[in-house]
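Residue-level listing of the chains:
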Amino acid sequence: MLKLFDPILSDLAAEPLSLAPRRYGLVAACDNGLLEVSGLSVPVGSLCRVAHGRNETLSAEVIGFRNGRTLMMLLGDSVMLRPGARVRPEGRPGLLPVGEAFLGRAVDGEGLPIDRGGPIHARSDWPSGGIRTSALDRSPVRESFDTGIRALNALTTFGIGQRIGIMAGSGVGKSVLLDMIAHGAEAEIVVVGLIGERAREVSDFVERHMNEAKRERTVVVAVPADHAPNLRLRGAMLATSIAEHFRAQGKRVLLIMDSLTRVAHAAREIGLLLGEPGAARGYPPSALAAITKLVERAGNSAASGGSITGLYTVLADGDNQDDPVVDTARSILDGHIVLSRDLAQRGQYPAIDIAASLSRVMNDIVPAQHQHLAREFRALIANYEANRDLVLMGAYRAGADPRLDRAITMHERLVEFLCQGQRDVVRLPQSTAQLAALLGPDG
């Protein structure tokens, strides 16, 4: 029985004794979750506790200061908050908890458990904005990353340490494809950030992936859509910080973020609250910069030998591939998977638009023969899609274009190659062999 208290006693022993007087401020104003606090000077990024009742507190994060007052944003609801409530600083500013204690657990944006397990006793801290290193510390991508999906392995081969985006409109299958990769990919540590998504998806994901053999090497950070924007942003930074901590130990980490667009939405809300002018479709510059900073933290580390393979979903509002978030993500990522609503409506799953998808490192990590076969497959698919209306109307005369004739003949087999069951796993060597068999001399 006494062993249950060992982690708590160890934490108390490790905590330095502070004899400084406790400081506090007072709530002077509240506007849609944005607090103005007087009498308390603490750094940006600090967490504070706001007393709002008998033995009850609210969490708030410092996001700026103006005219001698500290600006904070609540991490919860402002109901029952009153003027003059006391605000006290808590924890170490700018640092997030990380460590082995998070393995096998599901936590919220503050690092608190949501899986009905015991408290998490994290022994280490990590800067919320990451540790910036030299550009030359990022070693190049040289090894293939096995996603377990035949179409991706064979036609858009990804590498360990690459940053990849899954781009599509709502309801096209981004989360399903992400779930397939999480099920089939090989990595030492898997960190999943479910940011701004539906609470039902969070519970479903935890139920599927935290009850298998991968549980002991998986961390889930979940902040659903109904949470405060700064808590959503904090959850994304926590997931990335945990991945960076394990990369510094030389581990190969798979970081899954669903979704990068919700992170940009959270940063947009904070920027607009602070009075920053909206630019591209209402996104202030800081919101788009938040995407760049978050994505750039993934990659290979030459110092530790570890890696973070980043996989990010990007919601294209209204299926617009020129949306500011989509365009910013596409420009900073090392590759992207585009999902097509038209293909999904035809019953092709996963609905990957191979002609529009790209891996910027594929030519550096696969042999020349594999590159040739992938280009040939793309050409056949693109040729058929460009002339699909003519073929369906019967306006095309066979023999006019030998390449189109071959594309028409092989179309069913090409589509069958792109389709895969949700729980099926096709390894990289098997994917390459099937591609060679399909397009070889006897294919």
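Rules behind the numbers
- Residues numbered from 1 in each chain as written.
- Predicted model: local features only at pLDDT ≥ 70, side-chain atom pairs only at ≥ 80, totals over all residues.
- Heavy atoms only, no water.
- Helix = DSSP H or I, 4+ residues; strand = E, 2+ residues; numbered from the N terminus.
- Rg over C-alpha atoms; globule rule 2.2 N^0.38 Å.
- Buried < 20%, exposed > 50% of the residue type's maximum accessible area, 1.4 Å probe, protein only.
- Contact = heavy atoms within 4.5 Å.
- Phe/Tyr/Trp six-rings, centres within 6.5 Å; stacked < 30°, edge-to-face > 60°.
- Lys NZ or Arg CZ within 6 Å of the ring centre and 35° of its normal.
- Core = buried A, V, L, I, M, F, W, Y, C linked by side-chain atoms within 4.5 Å.
- Axes fitted to C-alpha atoms, helices over the stretch in contact; angles between N-to-C directions.
- Parallel < 35°, antiparallel > 145°, perpendicular 65-115°, else oblique.
- Left-handed = near helix turned anticlockwise from the far one by under 90°.
- Salt bridge = Lys/Arg side-chain N within 4 Å of Asp/Glu carboxyl O.
- Pairing = 2+ DSSP bridges.
- Polar contact = N/O pair within 3.5 Å; in protein donor to acceptor, adjacent residues only side chain to side chain.

(A) Structural view of the overall build of the protein chain. The secondary structure content of the protein chain amounts to 14 helices and 19 strands. Taken over the C-alpha trace, the protein chain has a radius of gyration of 25 Å; the compact-globule value for 443 residues is 22 Å, and the two agree within 12%. Its C-alpha atoms put the protein chain at 85 × 50 × 40 Å along the principal axes. Taking all 443 residues of the protein chain together, the buried fraction comes to 50%. Restricting the contact set of the protein chain to residue pairs at least 6 apart, pairs at least 24 apart contribute 71%.

(B) Spatial organisation of the packing of aromatic side chains. This structure, assessed with the given rule, holds one aromatic pair. Taking the centre distance of 5.4 Å and the plane angle of 50 degrees together, the rings of phenylalanine 377 and phenylalanine 417 count as tilted. Placement of phenylalanine 377 in helix H11 (residues 368–386) and of phenylalanine 417 in helix H13 (residues 402–418) is noted, with a sequence separation of 40 residues between them. Classification of phenylalanine 417 by relative accessible area gives buried; the value is 7%. Arginine 150 extends its terminal NZ or CZ atom over the ring of phenylalanine 417, reaching a point 5.5 Å from the ring centre. The ring of tyrosine 283 carries arginine 268 above its face, with NZ or CZ at 4.4 Å from the centroid.

(C) A look at the nonpolar core. Within the largest apolar cluster, 59 residues are counted, with the highest numbers of intra-cluster contacts made by Leu155, Val220, Ile337, Phe377 and Leu439. Once residues within four sequence positions are removed from consideration, isoleucine 337 is found in contact with Leu152, Phe158, Ile164, Gly165, Ile166, Met167, Leu177, Ile352 and Ser357. By size, the runner-up hydrophobic cluster in this structure holds 54 residues, among which are Ala239, Val253, Met257 and Val325.

(D) Spotlight on the packing of helix H7 (residues 285–296) against helix H8 (residues 324–332). Packing of H7 against H8 brings their axes to within 10 Å, and their N-to-C directions diverge by 30 degrees. The angle between H7 and H8 falls in the class roughly parallel. Regarding H7 and H8, the two cross each other, and that crossing is right-handed. Counting all contacts with H7, which are made through Leu288, Ile291, Thr292, Val295 and Glu296, the residues of H8 involved are Pro324, Val325, Thr328 and Ile332.

(E) Structural context of the pattern of salt bridges. For the structure on display, the rule yields 18 salt bridges. Between glutamate 36 and arginine 69 there is a salt bridge; the shortest N-O distance is 3.2 Å. With glutamate 36 in strand S2 (residues 34–38) and arginine 69 in strand S5 (residues 69–74), this pair connects stretches of sequence that are 33 residues apart. Taking relative accessible area as the criterion, glutamate 36 reaches 24% and is therefore assigned partly exposed. A residue is classified by how much of its surface remains accessible, and arginine 69, at 33% relative accessible area, is partly exposed. Glutamate 186 serves as the salt-bridge partner of arginine 427, at 3.7 Å between the closest nitrogen and oxygen. You can see arginine 427 sitting in the loop between H13 and helix H14 (428–439) and its partner glutamate 186 sitting in the loop between helix H3 (174–184) and strand S13 (189–195), a full 241 residues away along the chain. Overall, the relative accessible area of 28% leaves arginine 427 in the partly exposed class.

(F) Broad picture of the pairing of S13. Among the seven residues that make up S13, seven are buried, leaving the element largely enclosed by the rest of the structure. In the sheet, S13 pairs with strand S15 (residues 252–258) via six bridges, with the strands oriented parallel. Along S15, the bridge assignment pairs valine 192 with isoleucine 256. In this sheet, strand S14 (residues 218–223) lies alongside S13 in parallel orientation, the contact comprising six bridges.

(G) Up close: the side chain of glutamine 162. Turning to its location among the elements, glutamine 162 is positioned in the loop between strand S11 (158–159) and strand S12 (163–168). Glutamine 162 sits in the buried class, given a relative accessible area of 0%. Here the side chain of glutamine 162 touches glycine 159 through a polar contact of 2.8 Å, landing on its backbone nitrogen. Setting aside anything within four residues of it in sequence, one finds glutamine 162 in contact with Val141, Thr157, Ile308, Thr309, Gly310, Asp334, Gly335, Ser359, Arg360 and Val361.

(H) A look at the pairing of strand S18 (residues 335–338). Burial along S18 is two-sided: the face carrying Gly335 and Ile337 and the face carrying His336 and Val338 are both buried. Where S12 lies against S18, four bridges are found, and the strand directions are parallel. Bridging from a neighbouring strand, isoleucine 164 pairs with glycine 335 of S18. Bridging between S18 and strand S19 (residues 358–359) involves two bridges; their strand directions are antiparallel. Following the sheet pairing, glycine 335 is matched in S19 by serine 359.

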